[in-house]
Amino acid sequence: MNRIGIYGSLGRMGQAIVAAMPAAGAVHAGGVDAGEDPATLARDCDVLVDFSAPAALEAHLNAAMAAGTPIVIGTTGLSPRHHELIDAAAERIAVLQTGNTSVGVGLVMALIRDAARRLGSDWDIEIVEMHHRDKVDAPSGTALMLGEAAAAGRETTVAETGVQGRAGLVGARARGTIGFSSLRGGTVVGDHNVVFAGNGERIEIGHYAQDRSIFAVGAVRAALWLAGRGPGRYRMDQVLGL
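Sequence order as written defines the numbering, with residues in each chain counted from 1. In keeping with the model being predicted, local features are shown solely for residues with a pLDDT of at least 70 and side-chain atom pairs are shown and tallied solely at 80 or more, while totals for entire chains, interfaces and linings include all residues. Only hydrogens and water are set aside when side-chain values are computed; all heavy atoms of the structure are taken into account.

Novice: It is not clear to me how the side chain of Glu-129 should be interpreted in this structure. Could you clarify?
Specialist: Topologically, Glu-129 is positioned in strand S6 (residues 124–131). The cut-offs for exposure are 20% and 50% of the maximum accessible area for each residue type, with area from a 1.4 Å probe on protein chains only; residues under the lower value are buried, those over the upper are exposed, and the others partly exposed. What makes Glu-129 buried here is its relative accessible area of 1%. Counting of polar contacts relies on pairs of N or O atoms within 3.5 Å, with two restrictions inside protein: one atom must be capable of donating a hydrogen and the other of accepting it, and residues adjacent in sequence are counted only when both atoms are side-chain atoms. Within the local environment of Glu-129, its side chain forms a polar contact with the side chain of His-131, the two groups lying 2.8 Å apart. Looking at Glu-129, its side chain comes within polar contact range of the main-chain nitrogen of Ser-140, at 2.9 Å. Residue contacts are defined here by distance: any two heavy atoms, one from each residue, within 4.5 Å place the two residues in contact. If near-sequence neighbours (up to four positions away) are discounted, Glu-129 is found in contact with Ala-138, Pro-139, Ser-140, Ala-143, Ser-181, Ser-182, Leu-183, Arg-184, Asp-191 and His-192. To qualify as a helix, a DSSP run of H or I must reach at least 4 residues; to qualify as a strand, a run of E must reach at least 2; elements of each kind are numbered from the N terminus.

Structure follows, in structure tokens:
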């Protein structure tokens, strides 16, 4: 059995991951939370899962590298600097970073990439996401992932074409851009809807999370897949075989 250690074990996702382990045949090797030393856990498990906070990521990556332990990163709200740290870590250990670990979102990403490629820039793309009132980052990590999938279908990136937070007299929509809208309220686990708007018709591809356990199941699946792999930066679509 693979032993999985959790950074952020007392959070909602951490607790859900612990609950999902037995059905997957995994063993909970322990957890680390804010203010605790991540090094010992990294040495005592086969793979790490991080659902903590962006501020803790560098220390967690350093601990994983020192121990030679693969790590799944599900923490969202990461900056370009965080991704630089992940790229550097991936030269020494196996790292899988994703904004969403659900199986459904993995499939939706593949559909969106294909749709964007086939429809072309004549179709406008808008991504609308809604989460619970306590979520601190926007757009959500999943929304950005979906945007990157759409951008990849058009052979571009969100950095080049993404538009967030329209307000005021912003003018007409620029051709080829990918828009993001974020809604917050209540206890919504996570709703994402990608709209392809053409002339006289519209296509919508959505994913609606009803229970946080779907992310936990996917995170455990990703951790078991990553355990024992060589250095590199891996993706959820590889876990799912898409």
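Novice: Explain the packing of helix H5 (residues 103–119) against helix H6 (residues 141–153) to me, please; I cannot follow it from the model alone.
Specialist: Geometrically, a packed helix pair is captured by the angle between its two axes and the distance between the axes. Convention adopted: a line fitted to C-alpha atoms gives each axis, helices being fitted over their contacting stretch, and angles between N-to-C directions are expressed from 0 to 180 degrees. Between H5 and H6, the shortest axis-to-axis distance is 7 Å and the interhelical angle comes to 35°. Like other packed secondary-structure pairs, H5 and H6 cross with a definite hand, here right-handed. Residue-level contacts link Val-105, Val-108, Met-109, Ile-112, Arg-113, Ala-116 and Arg-117 of H5 to Thr-142, Met-145, Leu-146, Ala-149, Ala-150, Ala-152 and Gly-153 of H6. Among the residues forming the contact of H5 with H6, the class breakdown is 10 nonpolar, 2 polar and 2 charged. In this scheme, a crossing is called left-handed if the near helix is turned counterclockwise away from the far one by less than a right angle; it is called right-handed if the turn is clockwise. Ten residue types, Ala, Val, Leu, Ile, Met, Phe, Trp, Tyr, Cys and Pro, are classed as nonpolar, four, Asp, Glu, Lys and Arg, as charged, and the remainder, Gly among them, as polar.

Novice: Where do I start with a nonpolar patch on the surface in this structure?
Specialist: Patch membership is restricted to residues that have no salt bridge and whose relative accessible area is over 30%. Joining uses 9 Å for like charges and 5 Å for the nonpolar side chains Val, Leu, Ile, Met, Phe, Trp and Tyr. Areas reported here follow the Shrake-Rupley algorithm with a probe of radius 1.4 Å; residue values treat only the protein chains shown as occluding. We count a salt bridge whenever a side-chain nitrogen from Lys or Arg sits within 4 Å of a carboxyl oxygen from Asp or Glu. Taken together, the side chains of Leu-107, Leu-111 and Leu-242 present a nonpolar region at the surface, about 280 Å² in accessible area. For Leu-242, the position within the fold is in the segment after helix H9 (236–240).

Novice: Before we go on, may I ask you to explain the nonpolar core in this structure?
Specialist: Soluble, globular proteins show a tendency: their nonpolar side chains are buried together. The biggest cluster of nonpolar side chains holds 28 residues, and the ones touching the most others in it are Ile-4, Ile-17, Met-21, Val-49, Val-72, Leu-96 and Val-220. Broken down by secondary-structure element, the contributors of at least two residues to this core are strand S1 (3–7), helix H1 (12–24), strand S3 (47–50), strand S5 (94–97), helix H8 (213–226) and H9. Counting residues per element, this core draws most heavily on H8, at 7 residues. Ignoring sequence-local partners within four residues, the contact set of Val-49 consists of Ile-4, Gly-5, Ile-6, Tyr-7, Ile-17, Val-72 and Ala-223. Membership of the second largest hydrophobic core comes to 21 residues, among which are Ile-127, Leu-146, Ala-150 and Ile-205. Here the nonpolar core consists of buried residues drawn from Ala, Val, Leu, Ile, Met, Phe, Trp, Tyr and Cys, with membership extended through side-chain atoms lying within 4.5 Å.

Novice: Just checking my understanding: could you explain the layout of surface pockets for this structure?
Specialist: In this approach, a probe sized like a water molecule rolls over the atoms, and the result shows the empty space that is left. Here a cavity means grid points, on a 1 Å grid over the protein atoms only, where a 1.4 Å probe fits yet cannot get out; a pocket means an open set of points with protein on both sides within 12 Å along at least five of seven lines; lining residues are those with an atom within 4 Å of a point. Grid points are joined across faces, edges and corners, and a volume is the space filled by probe spheres set on the points. Approximately 860 Å³ is the volume attributed to the largest pocket. Every element with two or more residues in the lining of the largest pocket is listed here: helix H4 (80–89), H5, H6, helix H7 (158–161), strand S11 (232–234) and H9. Residue classes in the lining of the largest pocket are distributed as 13 nonpolar, 14 polar and 6 charged. Approximately 680 Å³ is the volume found for the second largest pocket. Lining the second largest pocket are 30 residues, with Met-13, Phe-51, Thr-76, Lys-135 and Arg-212 sitting closest to its centre.

Novice: Which parts of the structure should I look at to understand H4?
Specialist: Given 3.6 residues per turn, any residue in an α-helix points the same way as the ones three and four places further on. Restricting attention to buried positions, one finds in H4 the residues His-82, Leu-85, Ile-86 and Ala-89. Buried residues of H4, seen end-on, are gathered within an arc of 100° and therefore sit on one face of the element. The arc in question is formed by the directions pointing from the helix axis toward the C-beta atoms.

Novice: When you look at the packing of aromatic side chains in this model, what are you seeing that I'm missing?
Specialist: Both the distance between ring centres and the angle between the ring planes are used here to describe each pair of aromatic rings. Only centres within 6.5 Å qualify two rings of Phe, Tyr or Trp (six-membered ring in Trp) as a pair; their planes then separate them into stacked at under 30 degrees, edge-to-face at over 60, and tilted for everything else. Per the stated rule, a full pass over the model turns up 1 aromatic pair. With centroids separated by 5.5 Å and ring planes inclined at 80°, the aromatic side chains of Trp-225 and Tyr-234 adopt a geometry described as edge-to-face. Owing to a relative accessible area of 17%, Tyr-234 belongs among the buried residues under this scheme. The ring of Trp-225 is capped by Arg-229, whose NZ or CZ atom sits 3.7 Å from the centre of that ring. Two limits define a charge over a ring: the Lys NZ or Arg CZ must be within 6 Å of the ring centre, and within 35 degrees of the ring normal.

Novice: How should the pairing of strand S9 (residues 190–197) be read in this particular structure?
Specialist: Successive side chains on a regular strand alternate, one facing one side of the sheet and the next facing the other. Burial within S9 is extensive, with 6 of its 8 residues counted as buried. Note: two strands are recorded as paired if DSSP finds a minimum of 2 bridges between them. Pairing geometry for S6 and S9, over 7 bridges, is antiparallel. By the bridge assignment for S9, Ile-125 is matched with Phe-196. For S9 and strand S10 (residues 202–209), the ladder comprises 8 bridges, and the chain directions are antiparallel. Opposite Val-195, over in S10, you have Glu-204 as the bridge partner.

Novice: Would you take a moment to explain the sheet that holds strand S8 (residues 178–184) for this structure?
Specialist: Think of a sheet as strands paired side by side through backbone hydrogen bonds, with each pair either parallel or antiparallel. The strand order across the open sheet built from 5 strands is S7-S8-S6-S9-S10, with neighbouring strands paired in mixed fashion. Both edges of this open sheet fall to strand S7 (162–164) and S10, since each of them pairs with a single strand only. Strand-to-strand twist in this sheet, taken as the mean axis angle between neighbours without regard to direction, amounts to 20°. Together, S6, S9 and S10 form the strand contacts of H5, whose direction differs from that of S10 by roughly 165°. Along the sheet, H6 makes contact with S6, S7, S8 and S9, crossing S8 at roughly 165°.

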